[in-house]
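Examination of the molecular architecture
Residue strings, one per chain:
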Amino acid sequence: LASFQLLINGTDVTGSAELSPFGAQYTPDSPLPTGDSQATASIADLAGNVATAETRFTISVFRAIADCGPTSGTAPHRVTYRTRGEFTEGSIVRYRWDRDGNGSYDTFDSVPRDYTWTFNAPGTYNARLEVQNNFGQVATDTCTIVVEREPPTATASASPSNGPAPLAVVLTCQGQTKNGTIVQWEWDVDGNGVYDYTSATSGTTTHTYDTVGEFSARCRVTDSASLTGVS
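Read on for an overview of the structure. Computed from a predicted structure; not experimentally measured. (Residues numbered from 1 in each chain as written. Predicted model: local features only at pLDDT ≥ 70, side-chain atom pairs only at ≥ 80, totals over all residues. Heavy atoms only, no water.)

**Let's talk about the overall build of the protein**
Along the protein, the regular secondary structure elements total zero helices and 20 strands. Compactness check: the protein gives a C-alpha radius of gyration of 33 Å against a globular reference of 17 Å for 231 residues, more than 25% above the reference. The principal-axis extents of the C-alpha atoms in the protein amount to approximately 105 × 50 × 25 Å. Each of the 231 residues in the protein was classed as buried or not, and the buried ones make up 29%. Taking all contacts inside the protein whose residues are at least 6 apart in sequence as the whole, residues at least 24 apart take part in 55%. Total accessible area on the protein stands at roughly 13,800 Å², and carbon and sulfur atoms take up 47% of it. (Helix = DSSP H or I, 4+ residues; strand = E, 2+ residues; numbered from the N terminus. Rg over C-alpha atoms; globule rule 2.2 N^0.38 Å. Buried < 20%, exposed > 50% of the residue type's maximum accessible area, 1.4 Å probe, protein only. Contact = heavy atoms within 4.5 Å. Areas by Shrake-Rupley, 256 points an atom, 1.4 Å probe, with all protein chains shown as cover.)

Here's what the structure looks like:
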């Protein structure tokens, strides 16, 4: 064997083919177009004799396209499901969504329809779209939705909020959470990023400002799910 050449739809792909004593193998770097295709292989011996073989094949696509989003957020998290499918050799006759991946399909449509769904509980959900073609074949695709807990909220106040130094100020912080209870209150009394006060029972403390200036006191609360909120 002196030479070998492989053409796919007229394009020379010889350099990407793998040769062995038993033949040649070619794996496309990217998907071939749908429809009819042709492969042409040619070999030549040292005497210059050439032999050519051709084969024709058809590429079809049948797939579900599960398009949903936004795929992450805090509860309650609203997701839009966009129903898509592709079949080049016929038609898609059924679309079904299992919106939270629990194994039970929630929708049944003969034409693609878009839906919205709100997740009120945190967790990871593998939503599944199933499509069926006119030959009874099915294809599925999934999209993963991650829903996190809503962090707590903090409300801060200071009294008095101004006056001459030294100024004794009562700092009050309240927290609310949907994840259980508030388990820690903290105060950064001068806004320098360091929390000077920590309590597991109360968000109220007193601090005396001895120097003249403007201070951005900050309150942080932590709930029983270890999530924080800052005010």
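Back to the write-up after that little detour.
**So, the pattern of salt bridges**
Taken as a whole and judged by the stated rule, the model has nine salt bridges. Arg 84 is the salt-bridge partner of Asp 114, the closest N and O atoms lying 3.3 Å from each other. Of the two residues, Asp 114 sits in the loop between strand S10 (92-98) and strand S11 (115-119) while Arg 84 sits in strand S9 (residues 77-87), which places them 30 residues apart along the sequence. Residue classification places Asp 114 among the partly exposed residues on the basis of a relative accessible area of 42%. In this structure, Lys 178 engages Glu 150 in a salt bridge whose closest nitrogen and oxygen atoms are separated by 3.2 Å. Taken together, the positions of Lys 178 in the loop between strand S15 (167-176) and strand S16 (182-188) and Glu 150 in the loop between strand S13 (138-148) and strand S14 (153-159) put the pair 28 residues apart, joining distant regions of the chain. Relative accessible area serves as the criterion here: at 64%, Lys 178 is assigned to the exposed category. The structure contains a network of salt bridges with shared partners spanning Arg 94, Arg 96 and Glu 130. (Salt bridge = Lys/Arg side-chain N within 4 Å of Asp/Glu carboxyl O.)

**Considering the sheet that holds strand S1 (residues 3-8)**
Reading across from one edge, S2-S1-S5-S6 is the order of the four strands in this open sheet, with antiparallel pairing throughout. If you trace the sheet from one side to the other, it starts and ends with strand S2 (11-12) and strand S6 (50-59), each paired once. (Pairing = 2+ DSSP bridges.)

**Remarks on the packing of aromatic side chains**
Applying the stated rule across the entire model yields five aromatic pairs. Aromatic side chains Tyr 81 and Trp 97 sit 4.9 Å apart centroid to centroid with 70° between the ring planes, which places their arrangement in the edge-to-face category. Of the two residues, Tyr 81 sits in strand S9 while Trp 97 sits in strand S10, which places them 16 residues apart along the sequence. Owing to a relative accessible area of 0%, Tyr 81 belongs among the buried residues under this scheme. Residue classification places Trp 97 among the buried positions, given a relative accessible area of 1%. Cluster of aromatic residues (ring-pair linked, three or more members): Phe 62, Phe 87 and Phe 135. A cation over an aromatic ring shows up here: Arg 96 above the ring of Tyr 105, its NZ or CZ 4.0 Å from the ring centre. (Phe/Tyr/Trp six-rings, centres within 6.5 Å; stacked < 30°, edge-to-face > 60°. Lys NZ or Arg CZ within 6 Å of the ring centre and 35° of its normal.)

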